[in-house]
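Chains, contacts and geometry: an overview
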Amino acid sequence: MESDSRPRLTRRRLLTAGGGLVAAGAVGAGGYALGRQTTTAETGAAPAGGQIHQFATRADLRVPVVSVTVSGAPTPGMTFLTPAAGAGGRGPLIVDDTGAPVWFRQVSGPAEVAVDLRVQTLADEPVLTWWEGVIAPGLGVGAGEFVIADTSYREITRIRADGAVPADQHDFVLTDRGTALFFVYEPVSADLSAVGGVADGALYDGVIQEVDIETGEAVLRWQARDHVDLAESYAPVPTGEQGRRPYDFFHANSVAVDHDDHLLVSARHTWTIYKIDRSTGEVRWRLGGKRGDFAIAPGAEFSWQHDARRRADGTLGLFDNRAGITTEADQSRGLILAVDESARTVAPVRELLYPEPALAPTQGGVQELAGGASFVGWGQQPYFSEHAADGSVRLAGRLPADNGSYRAYRFGWSGRPTDQPAVAVRAGSGAAVTVHVSWNGATEVASWQVRGGPQPDRLAVLGEADRTGFETAITVGGPLAFVVADALDGTGRPLASSPVVPVPPPTADE
C-alpha cells in the first residue's frame, strides 16, 4: 500500500476532465429496510402538520416533516439529512432551524436510497457529497456510487469503485490530495473452520479504496483480511443453512485521515478503531476490541460503534451505539475520548446524550463543530442534536417516527440553483389571486415580489412578502391574466424570476 504524490487538483482541471467518472446507475440487489426499535422518546404525537410536506409549487416532492426544538444558540448553519424510509421520499435533504426544507432531491427507483449528505471541499470550493444506491436487507452492505455536486446542485461527477464490486455507502472522504477514500465490501472465498464456520465458506472483506477524483484511478487499496484476524470479530459466524452466507467479520463504517496523515478506521463488528499506516498498510495500533493496545479507563468503553474522527484538540469522537447484534446498554451516546498514543491510555472526556433515552442499534455519527461543540445524528432512531462543549443540548430535532438518517450534520451553506423558481397560482373569490412560490435549494432569498397584469409584457408590482419556509403564499388583487414571482435578497436585489404564468379561472367552489 503506497501513498501517491501528484499535482494539486484545481476546479478547472476537474471540470475540463470531461466528467470521466460519471457512472451508470447503481447496481445490486435487495432494498433498504430500516427496522427500528421504538423508544420512549417516540411515543408522542407525530410532528405538527403530518408526516409529509405538501407544496402547491412542487407536488413532485414528498419531503418528510422535520421538527426542531432550539433551546440555546446553535452553531449558525443548516441541518443535513438523508431520510431513507417510512413516510415521504428518500434523498438528500437540507432543513433550517424551523425544520423547513431548504433543498430536497428525491432519488429514483423503488429500492434506491441516498446516504450521508454533507459539505466537503474540492479544489478549494465547497461541494455537496452523498451516496446513491441500494442496500442489501439485513446485511447493511451497499452497492452504489458517490455524487459530488456544486453550490448550484449540479453534478460535477459521480465516483464509483475501481473494480467489479460497487462502492459501499458507509463513508466518503475527500482529501487534500485530490482523492476520495471509501469502502468496498468485497465477497471472497474463505476457510472459516478456525472460527467455527465451514471450510468452503465466504466472507465480506472490508476494503479501503483511495481513488483519484480526476482520473478515477485507484491509488491505494487496503484489505482487512490481510491485517485483521477473524477471531477479533464479535459477529457470529454463519452456520447451518446460513453457513455459506458471507461472513461480515469486520464491517468498516468510517475512514478518516488522522493528524499524522495515517488512517483511522472504525470496524463495527470488531468493536475496534484501527490506525493504519497509509504507506505500508500495517496496523499501527488497535483501540478497543479483543486485541486492543490501550488501557481503557471506566466509561471509555464502546461497542458496535460508528464514525470515529480525530478532533481539533486531539481527542477522538465517535458514536457509541452500544447495541447491534447484542445489546450492551440501554441507550446510545456520542463519546469523546482522550487518547494518549504514547502511554497507550484512553479516558472519557464527555458523553453526549439525546434529551430522552435513545438506543440506536445501527448507524449514527458525531460531527465536531466550532468551539468544542458537537452535532450528533442518532442513526436508526429519527433524531439529531447539537451539544455545547459541556455536553448540554442546545438543539434537538427529529424526522417522523418511521424514518431515519444514516448520519446528520450541521454546516453553513450557500446555494444558488440554476433552475427558475416554481410558481402556482389560484384565483380566489372576487378578484383576489393567491400566488405560491418556491425555489428548491436557494438560500439567499429574503422575500418574494409578485408582478401581474393583463398581458405577459405588461406586468406591474402588486405585492411583496417575506419568505416563509420552503413555499411562500402571497395574495394580490386583480383581475389579472398573467403573473410572475421574483426572488429578492436581503437588499431587495432580484435574484431570479419564475416563469410568467396565466391566471386560471376560479374553480366552481370559490
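Everything that follows concerns the structure shown earlier in this document.
Residues numbered from 1 in each chain as written. Predicted model: local features only at pLDDT ≥ 70, side-chain atom pairs only at ≥ 80, totals over all residues. Heavy atoms only, no water.

**Considering the overall build of the protein chain**
Check the secondary structure of the protein chain and you find 1 helix and 34 strands. When burial is assessed residue by residue, the protein chain has 57% of its 510 residues classed as buried. Within the protein chain, residue pairs in contact and separated by at least 24 positions form 57% of the contacts whose partners lie at least 6 positions apart. Summed over all atoms, the accessible surface of the protein chain reaches about 19,900 Å², with 49% contributed by carbon and sulfur. (Helix = DSSP H or I, 4+ residues; strand = E, 2+ residues; numbered from the N terminus. Buried < 20%, exposed > 50% of the residue type's maximum accessible area, 1.4 Å probe, protein only. Contact = heavy atoms within 4.5 Å. Areas by Shrake-Rupley, 256 points an atom, 1.4 Å probe, with all protein chains shown as cover.)

**Re the nonpolar core**
Counting 28 residues, the largest nonpolar core has Leu 203, Ile 208, Trp 222, Phe 249, Phe 250 and Val 265 as the members making the most contacts within it. At the level of elements, strand 10 (179-190), strand 11 (201-212), strand 12 (218-223), strand 13 (252-257), strand 14 (263-267) and strand 15 (272-276) are the ones that each hand at least two residues to this core. Here this core takes 5 residues from strand 10, the largest share from any one element. Discounting residues that sit within four places of it in the chain, Phe 250 has contacts with Gly 206, Trp 222, Ala 224, Val 228, Val 265, Ala 267, Arg 268, His 269, Thr 270 and Tyr 274. With 22 residues, the next largest nonpolar core counts Val 113, Val 115, Val 127 and Phe 146 among its residues. (Core = buried A, V, L, I, M, F, W, Y, C linked by side-chain atoms within 4.5 Å.)

**Quick word on the pattern of salt bridges**
One pass over the full model with this rule turns up 38 salt bridges. A salt bridge links Asp 171 to Arg 118; the nearest nitrogen and oxygen atoms lie 2.5 Å apart. Residue Asp 171 is found in the loop between strand 8 (155-159) and strand 9 (172-174), and its partner Arg 118 is found in strand 5 (residues 113-122); the two are separated by 53 residues along the sequence. For the pair Asp 171 and Arg 118, a shared accessibility class is recorded, and that class is buried. The residue Glu 341 makes a salt bridge to Lys 275 at a minimum N-O spacing of 3.1 Å. In this pair, Glu 341 sits in the loop between strand 20 (333-340) and strand 21 (345-352) while Lys 275 sits in strand 15, placing the two residues 66 residues apart along the sequence. Residue class for Glu 341 comes out partly exposed when judged on its relative accessible area of 24%. It is possible to trace a salt-bridge network through shared partners that takes in Asp 116, Arg 118, Asp 171, Asp 307, Arg 309 and Arg 407. (Salt bridge = Lys/Arg side-chain N within 4 Å of Asp/Glu carboxyl O.)

**Description of the sheet that holds strand 16 (residues 283-287)**
Read from one edge to the other, the open sheet built from 4 strands follows the order 13-14-15-16, with strand pairing classed as antiparallel. For this open sheet the edge positions go to strand 13 and strand 16, each flanked by a neighbour on one side alone. Adjacent strand axes in the sheet meet at a mean angle of 20°, parallel and antiparallel pairs treated alike. (Pairing = 2+ DSSP bridges. Axes fitted to C-alpha atoms, helices over the stretch in contact; angles between N-to-C directions.)

**Topic: the pairing of strand 19 (residues 316-320)**
For strand 19, the buried fraction is high: 5 of the 5 residues fall into the buried class. Side chains of strand 19 alternate between two faces, with Leu 316, Leu 318 and Asp 320 and Gly 317 and Phe 319 buried alike. Pairing of strand 18 (residues 306-310) with strand 19, which is carried by 3 bridges, proceeds in the antiparallel orientation. Within strand 19, the position partnered with Arg 309 by the bridge is Gly 317. In this structure, the hairpin formed by strand 18 and strand 19 is closed by a connection of 5 residues, where Gly 314 is found at a positive phi of approximately 95°. Both strand 19 and strand 20 contribute to a ladder of 5 bridges, which runs antiparallel. Looking across to strand 20, one finds that Gly 317 is bridged to Ile 336.

**Observations concerning the side chain of Thr 272**
With respect to the helices, strands and loops of the structure, Thr 272 is situated in strand 15. Judged by relative accessible area, which is 1%, Thr 272 ranks as buried. A polar atom in the side chain of Thr 272 sits 2.7 Å from the backbone oxygen of Thr 270. Contact partners of Thr 272, with chain neighbours within four places excluded, come to Val 265, Ser 266, Ala 267, Arg 286, Leu 287, Gly 288, Gly 289, Phe 302 and Gln 305. (Polar contact = N/O pair within 3.5 Å; in protein donor to acceptor, adjacent residues only side chain to side chain.)

Distances and angles like these do not, on their own, reveal function.
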